[in-house]
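Remarks on the overall topology
Given next are the chains, with one letter for each unit.
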Amino acid sequence: MGGPYETGYWTLTQNKSQCTLATRRAQMAGALADVIPYLCNISSAHFPSAPLSTASFSLFVANEYLPGEKHSICDHTDAQDWYPSPPIFASITFFPDGPPEDPNQTFRFQVFDEGDDLWKDMYLPDRSVCMMRADIRHRVLPPLSKYTAMSARRINLTYRNLICPIEDPLGYLIGFSNHYRYYGIPSHVIVPKGFDVAAISDVVDRLTMLNDDFEVITDSRTGADRVAEKKKLRTIIRDRYNLSNPSMLSKSNIVLELLEEVIK
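The structure contained in this document is the topic of the report that follows. (Residues numbered from 1 in each chain as written. Predicted model: local features only at pLDDT ≥ 70, side-chain atom pairs only at ≥ 80, totals over all residues. Heavy atoms only, no water.)

1. Some details on the overall build of the protein
Short version of the rule: Only DSSP runs of H or I covering at least 4 residues are called helices, and only runs of E covering at least 2 are called strands; the numbering of each starts at the N terminus. Buried means the residue's accessible area, taken with a 1.4 Å probe over protein chains only, is under 20% of the maximum for its type, while exposed means over 50%, and partly exposed covers the values in between. Each accessible area value is a Shrake-Rupley result obtained with a 1.4 Å probe; residue values ignore everything except the protein chains displayed when judging cover. For the purpose of charge, His is not counted, nor are the chain termini; Lys and Arg are scored as positive and Asp and Glu as negative. The location of each charge is read from NZ of Lys, CZ of Arg, CG of Asp or CD of Glu.
Scanning the protein from N- to C-terminus turns up six helices and 12 strands. Along the first, second and third principal axes, the C-alpha set of the protein runs to 60 × 40 × 40 Å. Considering the protein as a whole, with its 264 residues, one finds that 45% of them fall into the buried category. When the accessible surface of the protein is summed, it comes to about 13700 Å², and 51% of that surface belongs to carbon and sulfur atoms. Placing the 27 positive and 32 negative side-chain charges of the protein at their respective mean positions leaves the two points 4 Å apart.

Put into structure tokens, the structure is as follows:
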């Protein structure tokens with residue numbers, strides 16, 4: 001299941017793109033991994049044009065919605081360039097304390113209907129699977145105020161369909177890295193030779209709060225050397241692979257270490 005990578009790489013911050021944040025993967029619990037073949041079967045039946053591979057649904061995002069809170073997710077799509085086309089995801093819902101007596105007594109999952117320009121409620125029952133295209137606008141809102149006191153705790157797992165790591169290692173590793181930079185535990189940051197570490201001390205302090213063993217590692221190459229190496233590796237990857245989206249290579253958040261892993 002999944003790809004050959006153990007670590008994801010991304011820019012440390014928007015204005016420190018010369019520094020690489022490394023985040024290690026986490027092992028998916030057995031029971032949660034066991035559902036993946038069923039998700040692949042659902043995809044094959046209802047989204048036959050969506051490509052499947054060993055990386056399909058190999059990671060997920062977990063959200064918990066608590067009674068009395070105003071938890072929400074803003075209007076968005078999940079159709080980033082590094083997902084295979086058509087992009088799909090699978091959403092599994094649980095009500096661990098028991099389902100609500102009324103569908104209104106929980107946090108509201110909504111999709112935007114482009115046909116009539118209206119948001120539509122989609123009640124997701126306990127232990128249900130909702131598979132949909134990721135390029136559809138969707139959001140989550142708190143229960144209506146009159147149902148707040150009776151709202152039920154809800155847990156949602158959103159499994160992502162990733163690109164095959166053999167056919168397109170760049171697309172896979174970008175999707176993998178983007179996921180873990182948000183949801184993983186950071187392990188270290190790599191900075192160029194001669195870089196003033198004091199310039200990132202505030203970020204490092206915050207990351208150390210997540211991992212006491214977080215490290216700052218200085219590369220043997222200068223910033224200019226790293227830029228030159230990135231340019232060389234981009235050319236090699238572009239020539240070697242039929243990339244799903246070659247424009248991803250030029251994105252500023254694609255760091256040297258990620259390209260080096262793709263080459264390996």
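Here the narrative resumes, following the displayed structure.
2. Digging into helix 2 (residues 36–46)
Spacing of three or four residues puts side chains on the same side of an α-helix, whose turn is 3.6 residues. To be explicit about the condition: Read the arc as the range of directions from the helix axis to the C-beta atoms. For this analysis, residues touch if any pair of their heavy atoms sits within 4.5 Å.
Taken together, the buried positions of helix 2 are occupied by Ile36, Leu39, Cys40 and Ser43. Along helix 2, the residues classed as buried sweep out an arc of 100 degrees about the axis, all on the same side. Turned more than 90 degrees away from the buried face of helix 2, the exposed residues are Tyr38, Asn41, Ala45 and His46. Where helix 2 is buried, its residues touch helix 1 (30–33), strand 3 (56–65), strand 5 (88–94), strand 8 (128–133) and strand 10 (154–161).

3. Notes on the environment of Asp202
Relative to the elements of secondary structure, Asp202 occurs in helix 4 (residues 201–210). Taking the C-alpha atoms as reference points, Asp202 and Asn161, separated by 41 residues in sequence, lie 35 Å from one another.

4. Details of the sheet that holds strand 7 (residues 118–121)
Heads up, the rule is: One requirement defines pairing of two strands: DSSP has to find at least two bridges between them. Axis definition: a line fit to C-alpha positions, over the contact stretch in the case of helices; interaxial angles, taken between N-to-C directions, run 0 to 180 degrees.
An order of 4-9-6-7 is seen for the four strands of this open sheet, with the pairing classed as antiparallel. Among the strands making up the open sheet, the edge pair consists of strand 4 (73–76) and strand 7. Taken pair by pair, the neighbouring strands of this sheet meet at an average axis angle of 30 degrees, ignoring direction. Examined bridge by bridge, strand 6 (residues 108–113) and strand 7 share four bridges and lie antiparallel to one another. Bridge pairing in strand 7 places Gln110 opposite Asp121.

5. Details of the nonpolar core
So the rule is basically this: Grouping buried Ala, Val, Leu, Ile, Met, Phe, Trp, Tyr and Cys residues that are joined through side-chain atoms within 4.5 Å yields what is termed a nonpolar core.
One finds Leu170, Ile174, Leu258 and Leu259 to be the most contacted residues of the largest nonpolar core, which totals 26 residues. Listed by contribution, the elements that provide at least two residues to this core are strand 1 (7–11), helix 3 (169–183), helix 5 (223–240) and helix 6 (256–263). No other element matches helix 3, which puts six residues into this core. Each residue touching Leu258, except ones within four places of it in the same chain, is listed here: Tyr9, Leu170, Leu173, Ile174 and Ser177. The next biggest cluster of nonpolar side chains, apart from the first, holds 14 residues, and it includes Ala33, Ile88, Ala90 and Tyr159.

6. As for the side chain of Asn245
For clarity, the threshold we go by: Any pair of nitrogen or oxygen atoms within 3.5 Å is treated as a polar contact; in protein, a donor-acceptor pairing is required on top of that, and neighbouring residues in sequence qualify only through side-chain atoms on both sides.
Along the chain, the position of Asn245 falls in the loop between helix 5 and helix 6. Reaching out from Asn245, the side chain makes a polar contact with the side chain of Ser247 at a distance of 2.5 Å.

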